[in-house]
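Chain and residue survey
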Amino acid sequence: MNPSRNDPCPCGSGKKYKHCCETKNKAKGQSAIKMPTVTELNQLLALFNAGHLDEVASQARLLTVNFPTLAPAWKLLGICLHRQGKGYEALPVLLNAAKLLPNDAEAHYNLGVTQASLKLLDNAAASYRRAVALKPDFAAAYTNLGEVLRNLGQPENAAASCRRALEIKPDYAGAHQNLGNALADMGKIDDAIVSYRAALRIYPNFAEAFSSLLFNLNHSETVDPRELFKEHCRFAEQFEAPLRNDWPRHTNTRDLERVLQVGFVSGDLRNHAVANFFEPILQKLKQQPRLSLHVYYNHSIEDETTQHLRSFTSHWNAVESWSDEVLANKIRKDDIDILIDLSGHTSKNRLLVFARKPAPVQVSWIGYPCTTGLQAMDYYQSDRYFFPDNRFDSLFIEKIVRLPASAVFLPSVHAPMVNKLPALTNGYVTFGSFNRVNKIGRSVITLWSKLLHAVPDAKLQLGAISTQGEERSLIEWFAQEGIAGDRLVFKERGGMAAYLGMHHQVDICLDTFPYGGSTTTFHALWMGVPTLTLAGNTMAGYASASILGHVGLESFAAHDANDFVKKGVFWMHHLTELSAIRGNLRERLAQSARGRPDLIAAAMERALRIMWQSWCAGLPAEAFEVTLQEAEAILDRDNS
């Protein structure tokens with residue numbers, strides 16, 4: 001029924017119905033269409049809160065057509081579309097809701113949420129600021145504003161916004177989580193860990209905060225590898241243990257040689273390092289007649305990289321808006337035989353889906369240099385350079401599968417040609433780092449400073465600077481180690497072409513620790529620049545050493561701090577040899593297993609078959625290796 005003339009107008013204007021939409025509706029000939037009452041709108045909201053998004057969206061859309069000024073309908077429709085993962089469709093709806101409700105803090109907050117999800121960060125920041133201006137005690141808006149400011153490269157302002165949220169609501173777990181993210185970006189890893197633990201004390205089932213904690217523990221200089229392993233197992237006890245009794249009895253047909261249904265789950269199938277490693281292998285795997293590939297993509301952003309990857313499979317699913325249970329059911333319905341995780345405990349992971357064991361064989365690969373901690377994860381796929389002599393096997397719940405290479409490096413099309421060794425012209429050595437600034441902790445500064453003292457005419461170029469605050473902090477830290485600012489060269493973070501071009505000024509890159517480089521190490525090699533690394537006692541700290549092993553540069557991997565300095569000094573006195581290395585690094589990388597997607601795809605197909613045959617035989621997962629020689633033989637057989 002229509003509201004009475006003296007009722008508040010359901011459009012949310014604050015006026016009585018007779019002074020608002022009654023006149024408008026009659027003028028438009030809509031008097032025969034029932035204007036919903038406040039009670040009816042509340043019933044629709046109750047349906048929304050119960051999770052009936054399709055029904056609510058349908059009803060709300062109809063209301064916006066019949067009553068274009070009914071602001072609550074626009075507001076509810078926009079939220080539904082956002083929750084359904086239809087961000088681009090939600091955006092104009094929420095913009096209209098905010099226009100109709102200019103003084104409604106929640107309308108601007110909802111708009112900010114969708115803008116942030118679509119990476120419209122400046123717009124999102126403006127919407128959140130409008131929300132807190134209208135409602136100064138809006139803790140959620142301050143919290144989300146903090147995350148947006150962090151993504152805009154303003155971690156100090158982000159931290160301030162999150163702290164304001166905590167002043168309003170001290171027990172707000174989300175604010176502690178976002179504060180931790182900002183602190184991590186500032187390189188304050190131990191402070192970030194304190195924030196994540198605070199979030200988990202308030203809300204123990206906060207999986208995102210737990211994953212953030214684990215990711216940052218990999219960066220902490222104070223965490224022992226065994227304790228790191230135990231923390232990952234605690235994640236499993238919190239989130240996986242309650243699900244184990246409900247793991248399904250898989251009925252997949254136990255045919256050893258049939259076509260395998262293989263699924264990949266990731267939120268990074270876009271302009272991201274993971275996609276760079278994944279794409280050349282996926283392209284080759286799609287040519288394997290005994291594999292059927294499925295992708296479950298967990299992000300709202302779809303760029304050119306996403307579209308390119310989508311072309312490699314007819315089974316592509318956009319799943320960001322799906323609950324863990326819905327996605328697990330979809331994977332079971334698709335009869336996936338082997339499910340592969342590409343995220344680990346990084347952003348946008350779906351480990352709680354893997355914790356439900358929706359596939360008989362589950363594998364972690366590429367995205368995270370540590371165990372997931374989940375008993376449901378059977379294997380971790382890597383290579384013998386990452387896992388030499390069983391060095392890290394005991395730090396993984398998963399059984400280790402060694403391929404000739406864990407993945408393939410795809411060089412950027414924007415890479416310029418390799419230039420002559422700069423030191424031969426400059427008369428001094430230039431060290432460089434292109435790692436994330438938050439990897440450069442005080443211990444890293446101390447070691448690098450020892451090297452700069454040992455090579456007193458050398459300079460250090462830092463090429464991933466995004467804020468003046470980062471530059472000031474680094475200058476101050478180096479000064480405390482006795483290194484003058486005129487020996488430091490700062491370069492702003494830029495596009496790929498500019499970033500790769502910076503290597504023309506660098507002779508040797510310096511690696512960070514305890515979380516070393518990976519993608520940056522590959523890019524440097526492609527530009528002819530080897531990386532001097534301190535090989536760590538975790539997989540995250542051993543990444544550069546493993547990459548150098550693939551191209552025969554083990555001599556650039558130091559065993560301790562003194563060895564690091566000694567090696568740096570050595571190369572200062574051997575510029576001719578360093579120049580020769582620079583000249584043939586591209587060829588070395590291209591000819592290594594890391595440069596051969598056909599080889600790694602063949603090895604991976606063989607590894608997947610071994611995993612499958614083991615499950616069919618009812619055997620537990622065990623570590624194994626597909627050697628370079630085996631992969632070569634497979635290629636020779638397939639090409640004959």
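Residues numbered from 1 in each chain as written. Predicted model: local features only at pLDDT ≥ 70, side-chain atom pairs only at ≥ 80, totals over all residues. Heavy atoms only, no water.

Glancing now at the overall build of the chain. Scanning the chain from terminus to terminus reveals 27 helices and 14 strands. Relative to the 2.2 N^0.38 estimate, which gives 26 Å for 640 residues, the radius of gyration of the chain is 27 Å and therefore close to what a compact globule would have. C-alpha extents for the chain along the principal axes are approximately 90 × 65 × 45 Å. Counting only residues that meet the buried cut, the chain has 57% of its 640 residues in that class. Considering only contacts within the chain whose residues lie at least 6 apart along the sequence, 66% involve residues at least 24 apart. Seen as two clouds, the 67 positive and the 66 negative side-chain charges of the chain have centres 6 Å apart. (Helix = DSSP H or I, 4+ residues; strand = E, 2+ residues; numbered from the N terminus. Rg over C-alpha atoms; globule rule 2.2 N^0.38 Å. Buried < 20%, exposed > 50% of the residue type's maximum accessible area, 1.4 Å probe, protein only. Contact = heavy atoms within 4.5 Å. Lys, Arg positive; Asp, Glu negative; His and termini not counted. Charge placed at Lys NZ, Arg CZ, Asp CG, Glu CD.)

Pairing is parallel across the open sheet formed by 6 strands, whose spatial order is β10-β9-β8-β11-β12-β13. In this open sheet, the two strands that pair with only one neighbour each are β10 (488-492) and β13 (557-558). Where strand β8 (residues 430-433) and strand β11 (residues 508-510) come together, 2 bridges link them in parallel fashion. In the sheet register, G432 faces β11, and the bridge partner there is C509. (Pairing = 2+ DSSP bridges.)

Time to look at the environment of V529. Here V529 lies in the loop between α22 (519-526) and β12 (531-534). When the C-alpha positions of V529 and R472 are compared, they lie 27 Å apart, and in sequence the two are 57 residues distant. With residues up to four places along the chain from it excluded, the contact list for V529 reads H503, V506, D507, I508, C509, A524, R582 and L585.

Another aspect to go through is the packing of helix α4 (residues 71-83) against helix α5 (residues 87-100). Viewed as axis vectors pointing N to C, α4 and α5 meet at an angle of 155°, and their least axial separation amounts to 8 Å. In terms of axis orientation, α4 runs roughly antiparallel to α5. With respect to the hand of their crossing, α4 and α5 are arranged in left-handed fashion. Side by side, α4 and α5 meet where A71, W74, K75, L77, G78, I79, L81 and H82 of the first sit next to G87, E89, A90, V93, L94, N96, A97 and L100 of the second. A breakdown of the residues in the contact of α4 with α5 according to their chemical character gives 10 nonpolar, 4 polar and 2 charged. (Axes fitted to C-alpha atoms, helices over the stretch in contact; angles between N-to-C directions. Parallel < 35°, antiparallel > 145°, perpendicular 65-115°, else oblique. Left-handed = near helix turned anticlockwise from the far one by under 90°. Nonpolar A, V, L, I, M, F, W, Y, C, P; charged D, E, K, R; others polar.)

Our next topic: the domain arrangement of the chain. Partitioning the chain into structural domains gives domain 1 (44-242), domain 2 (258-408 + 596-639) and domain 3 (422-592). A straight line from the C-alpha centre of domain 1 to that of domain 2 covers 29 Å. Counting residues at the interface gives 23 residues for domain 1 and 22 residues for domain 2. Summed over both partners, the interface of domain 1 with domain 2 comes to about 1700 Å²; 62% of that surface belongs to carbon and sulfur atoms. When the buried surface of domain 1 facing domain 2 is broken down by residue, F229, H232 and E240 rank first, second and third, together holding 31% of it. Inspection of the region where domain 1 meets domain 2 yields 0 salt bridges. Counting the contacts that link domain 1 with domain 2 gives 10 residue pairs in polar contact (both at pLDDT 80 or more). Contributions of two or more residues to the side of domain 1 that touches domain 2 are made by α12 (207-217) and α13 (225-239). Top element by residues in the side of domain 1 that touches domain 2 is α13. It accounts for 10 residues. Taken together, the residues of the side of domain 1 that touches domain 2 break down into 12 nonpolar, 6 polar and 5 charged. (Domains from an automatic or database assignment. Buried area = accessible area lost by both parts, 1.4 Å probe. Salt bridge = Lys/Arg side-chain N within 4 Å of Asp/Glu carboxyl O. Polar contact = N/O pair within 3.5 Å; in protein donor to acceptor, adjacent residues only side chain to side chain.)

So, on to the pattern of salt bridges. Evaluation of the coordinates by the stated rule reveals 27 salt bridges. Here R150 makes a salt bridge to E147, at a shortest N to O gap of 2.7 Å. Residue R150 and its partner E147 are located together in helix α8 (residues 139-151), separated by 3 residues, close to a single helical turn. For the pair formed by R150 and E147, the shared burial category is buried. In this structure, E632 engages R596 in a salt bridge whose closest nitrogen and oxygen atoms are separated by 2.7 Å. Here the residue E632 occupies a position in helix α27 (residues 628-639), and R596 occupies one in the loop between α25 (575-591) and α26 (597-616), the gap between them amounting to 36 residues. Classification of R596 as partly exposed rests on a relative accessible area of 23%. Through salt bridges with shared partners, a single network forms among R197, E227, E231 and R234.

Right, let's talk about α25 for a bit. Because the α-helix completes a turn every 3.6 residues, residues three or four places apart line up on one side. Relative to the 24 Å expected for 17 residues at 1.5 Å per residue, α25 spans 24 Å between its end C-alpha atoms, a close match to the ideal helical length. The largest bend in α25 amounts to roughly 50° and is located at N584. Residues of α25 that are buried include every one of L578, I581, R582, L585, R586 and L589, and no others. In this structure, the buried residues of α25 make contact with α18 (422-426), β11, α22 and α24 (561-572). (Expected span 1.5 Å × (residues − 1). Bend = angle between axes of the 7 residues up to and from the residue.)

The next subject is helix α3 (residues 53-66). Helix length check: α3, at 14 residues, gives a terminal C-alpha distance of 20 Å against a target of 20 Å (1.5 Å per residue), a fit within 8%. Next to the buried residues of α3 lie α2 (38-49) and α4.

Now for the packing of aromatic side chains. Enumeration over the complete set of coordinates arrives at 22 aromatic pairs. Arranged with centres 4.7 Å apart and planes meeting at 10°, the rings of F556 and W571 form a pair that is stacked. With F556 in the loop between α23 (539-550) and β13 and W571 in helix α24, the pair connects residues that are 15 residues apart, well separated along the chain. Residues F556 and W571 agree in their burial class; the two are buried. Through pairs of rings, three or more aromatic residues link up here, namely Y380, F387, F392, F396 and Y542. Here the guanidinium or amino end of K169 rests over the ring plane of Y172, the centre of that ring lying 5.0 Å away. Here the basic side chain of R254 rests over the ring of W615, its NZ or CZ set 3.8 Å away from the ring centre. (Phe/Tyr/Trp six-rings, centres within 6.5 Å; stacked < 30°, edge-to-face > 60°. Lys NZ or Arg CZ within 6 Å of the ring centre and 35° of its normal.)

Below, the discussion takes up the environment of Q283. Mapping Q283 onto the fold places it in helix α14 (residues 273-285). In this structure Q283 comes out as partly exposed when scored by relative accessible area, which is 32%. Sequence separation of Q283 and C162 is 121 residues, and the distance between their C-alpha atoms is 43 Å.

Most peptide bonds take the trans form, and the phi angle of most residues other than glycine is negative. Residue F513 is joined to P514 through a cis peptide bond whose omega torsion reads 5°. For P514, the position within the fold is in the loop between β11 and α22. The backbone of K348 shows a phi angle near 65°, a positive value even though the residue is not glycine. Following the sequence through the fold, K348 ends up in the loop between β4 (338-341) and α17 (351-354). A relative accessible area of 31% places K348 in the partly exposed class.

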